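Survey of secondary and tertiary structure
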Amino acid sequence: MTPSNTETITWKLVSTSSQANIDSETFKKKMLLDQDPRWLITFVTSEDKQLARFILEQSGAIIASATFFVHPSALRIAISDWTLFSIPVKRYTLFAEIWFDPTIAADKSLYLLALFAQLRKELSINEVIFLQAVVNDSALSNVLAQKSSLSTNYHVLNYGEPYNHRYIDFGGDYNHYLSQLSSSTRSDLKRTQKRFVSAVNGQYKTICYQSPEEVGTFLDAAMAVSALTYQYQLLGAGLRDRNILENRLLTTAKLGWFHSYVLFVDQKPVAFQVGHLYQECYYAQEIGYDPDWAKLQVGIFLHTEIISNLLATPDLVKRFDFGNDDNTHKQRLSNAQTTEKYVYLIPRHWRNNLFVFTMKITNRLSTSVGHLLNKYGLRKRVRQLLWKLGVMK
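Each chain carries its own residue numbering, running from 1 in the direction its sequence is written. Whole-chain, interface and lining totals are the exception, using all residues; otherwise, since this is a predicted model, local features are given only for residues with pLDDT of at least 70 and side-chain atom pairs are given and counted only at 80 or more. Calculation of side-chain values draws on the structure's entire complement of heavy atoms; hydrogens and water are dropped beforehand.

Right, let's get into the side chain of Glu305. Here a strand is any run of E in DSSP of at least two residues, a helix any run of H or I of at least four, and the numbering for each starts at the N terminus. Tracing the backbone through its elements, the reader meets Glu305 in helix α10 (residues 298-310). For the buried Glu305, no salt bridge exists, and the shortest N-O distance to an oppositely charged side chain is 12 Å, to Lys205. In this analysis, two residues are considered to be in contact whenever any of their non-hydrogen atoms come within 4.5 Å of each other. Setting aside chain neighbours within four positions, we find Glu305 in contact with Tyr204 and Thr206. The cut-offs for exposure are 20% and 50% of the maximum accessible area for each residue type, with area from a 1.4 Å probe on protein chains only; residues under the lower value are buried, those over the upper are exposed, and the others partly exposed. Note that His is not counted, nor are the chain ends; the positive residues are Lys and Arg, and the negative ones are Asp and Glu. The rule for a salt bridge is simple: a side-chain nitrogen of Lys or Arg has to be within 4 Å of a carboxyl oxygen of Asp or Glu.

Here it is, written out as structure tokens:
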């Protein structure tokens, strides 16, 4: 039944402080990894982080679910990667679009408006909502674009530019996948494979780690490689906190999702891929490689190894998800995409009004500067400089 107005819709906030608090029946239905609280709970690693899960029920069954990761953050006024000013906030992050039972055919806009109206009553001026993957032309995207109670309660602020979220949709074996790529990409992949195998005299192996007992061994190899990367040494990224990573991956391994790879040459790890296989989709997450092997394109070689391994059991995987944001590598290797964007919902208040006005101006300037840096290949150098100066964290 379609609701007549938002006042007749009540989302229920349920406790989600541990795996034991999460019902399992709902998650037998089709959803994304980032919609599943059993995955999101692994990011709750300290007392200042938590999940806020809202559910919508009909006739005793859950028909919609929105799980926010609540954590300390900041609103930044920045030009490209240079932060000029920031204010601390508590951020309600939604990593994926709100999950609705696939059988619901009704217009979802009233359900969405009711959720955000309910949230607004609970948020202080120092708390904001961050929507990390708003898909173009989705119900959520359409609601955000409308003049409604949403825009009355919040500043709807696009953060950055829309990006292409890229995938591989599998419809056959590895050769079928290759046939969907451009001829130049196919040639490059074959050339990369041939060069790598020749350079190492065939002395390599790619290992897939899946069980809880293999998590520690995987981290030994992957973290050793990650520590050598540009992301780790200059950007503070990469695989860093062993305890957090081990607890997260042990949890997902016990659920049967953990599916990560390491490429070895002469028993030395040279590249890794953290990933999870969940409901017929492989989610490629953290990736890294030893920069000494960059000329042999070990990252791309590992990609071909992973795809080949996944397609050895085609009934288990129908899609490969490259994750948020975009780059040339993903563009060349994918065969499907959605256009997505990041959006802030910031409660209206005189202080927030002033800050948002300033953010909009600097965001436009930042976009222009970013285009120039990318055009002349300077973004990486500028990021390195800002990191060394302590301007970028």
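Before going further, it helps to examine the pattern of salt bridges. Side chains that carry opposite charge are capable of pairing whenever their charged atoms lie near each other. In the structure shown here, the tally under the stated rule is 10 salt bridges. The closest approach of N and O atoms between Lys12 and Glu57, which form a salt bridge, is 3.2 Å. With Lys12 in strand β1 (residues 12-14) and Glu57 in strand β2 (residues 50-58), this residue pair connects regions lying 45 residues apart in the sequence. Residue classification places Lys12 among the partly exposed positions, given a relative accessible area of 40%. For Glu57, a relative accessible area of 40% puts it in the partly exposed group. Connected through shared salt-bridge partners, Asp188, Arg191 and Arg332 make up one network.

Moving on to α10. Taking 1.5 Å per residue as the helical rise, α10 with its 13 residues ought to reach 18 Å, and the 18 Å between its terminal C-alpha atoms agrees with that figure. All buried positions along α10 are accounted for by Val298, Gly299, Ile300, Phe301, Leu302, His303, Thr304, Glu305, Ile306, Ile307 and Leu310. The span one expects for a helix is its residue count, reduced by one, times 1.5 Å.

What follows is about the nonpolar core. Definition used in this section: a nonpolar core is a set of buried Ala, Val, Leu, Ile, Met, Phe, Trp, Tyr and Cys residues joined via side-chain atoms within 4.5 Å. In this structure, Trp11, Phe68, Phe116, Ile129 and Leu131 are the most contacted members of the largest nonpolar core, which totals 34 residues. When contributions to this core are tallied by element, the ones reaching two or more residues are β2, β3 (61-79), β4 (82-94), α2 (109-122), β6 (127-135), α3 (139-145) and β13 (336-347). For this core, the element with the most residues is α2, which contributes 7 residues. Setting aside its immediate chain neighbours within four residues, Phe116 contacts Ile98, Ile129, Leu131, Leu140, Leu150, Tyr154 and Leu345. Formed by 32 residues, the second largest nonpolar core is a distinct cluster that contains Cys208, Leu310, Leu311 and Phe320.

The next point concerns the packing of aromatic side chains. For Phe, Tyr and Trp, where Trp contributes only its six-membered ring, two rings pair if their centres lie within 6.5 Å, and the inter-plane angle classes them as stacked under 30 degrees, edge-to-face over 60, or tilted in between. On inspection of all chains with the given rule, the structure shows 25 aromatic pairs. Their ring planes at 80 degrees and their centres at 5.2 Å tell us that Trp39 and Phe43 sit as a pair that is edge-to-face. On the basis of an interplanar angle of 70 degrees and a centroid distance of 6.2 Å, the ring pair of Tyr261 and Tyr282 is categorised as edge-to-face. Residue Tyr261 is found in strand β9 (residues 260-265), and its partner Tyr282 is found in strand β11 (residues 281-289); the two are separated by 21 residues along the sequence. Both residues of the pair, Tyr261 and Tyr282, count as buried. Members of the aromatic cluster, connected to one another through ring pairs, are Phe130, Tyr159, Tyr163, Tyr342 and Tyr344. We note Arg319 situated over the ring of Tyr167; from NZ or CZ to the ring centre the distance is 3.9 Å. For a lysine, the NZ atom is tested; for an arginine, the CZ atom; a charge sits over a ring if that atom is within 6 Å of the ring centre and within 35 degrees of the ring normal.

Mapped onto the elements, Asp173 comes out in the loop between β7 (154-169) and α5 (174-179). C-alpha separation for the pair Asp173 and Thr313, spaced 140 residues apart in sequence, amounts to 9.5 Å.

Before going further, it helps to examine helix α7 (residues 215-226). With 12 residues, α7 should cover 16 Å at 1.5 Å per step; its first-to-last C-alpha distance of 16 Å lies within 8% of that length. With 9 of its 12 residues buried, α7 lies for the most part within the structure. Of all the residues in α7, the buried ones are Val215, Gly216, Phe218, Leu219, Ala221, Ala222, Met223, Val225 and Ser226. If you follow the buried residues of α7, they end up packed against β8 (204-209), α8 (230-235), α9 (242-254), β9, β10 (268-278) and β11.

Estimated volume of the second largest pocket: approximately 370 Å³. Only protein atoms enter the 1 Å grid used here. Points where a 1.4 Å probe fits but cannot escape make up a cavity, open sets with protein on both sides within 12 Å along at least five of seven lines make up a pocket, and a residue lines them when an atom lies within 4 Å of a point. Lining the second largest pocket are 17 residues, and of these Val156, Leu157, Asn158, Lys360 and Arg364 lie nearest its centre. At the level of elements, α3, β7 and α12 (350-375) are the ones that each hand at least two residues to the lining of the second largest pocket. For the lining of the second largest pocket, the element with the most residues is β7, which contributes 7 residues. Looking at the lining of the second largest pocket residue by residue, the classes come out as 5 nonpolar, 7 polar and 5 charged. Grid points are joined across faces, edges and corners, and a volume is the space filled by probe spheres set on the points. Gly is put with the polar residues, along with every residue not named as nonpolar or charged; the nonpolar set is Ala, Val, Leu, Ile, Met, Phe, Trp, Tyr, Cys and Pro, and the charged set is Asp, Glu, Lys and Arg.

Time to look at the pairing of β7. In terms of strand pairing, β7 meets β13 through 11 bridges, oriented antiparallel. When the bridges of β13 are listed, Tyr163 appears paired with Glu340. Two strands form a pair only when DSSP identifies at least two bridges running between them.

This part covers empty space enclosed by the protein. A full pass over the atoms with the stated rule returns 1 cavity of 30 Å³ or more. Each pocket or cavity is described by its volume, and for the largest cavity that value is around 50 Å³. In terms of lining residues, the largest cavity is bounded by Asp34, Gln35, Leu40, Ser65, Ala66, Thr67, Leu94, Phe95, Ala96, Glu97, Ile98 and Trp99. It is β3 that provides the largest number of residues to the lining of the largest cavity, a total of 3 residues.

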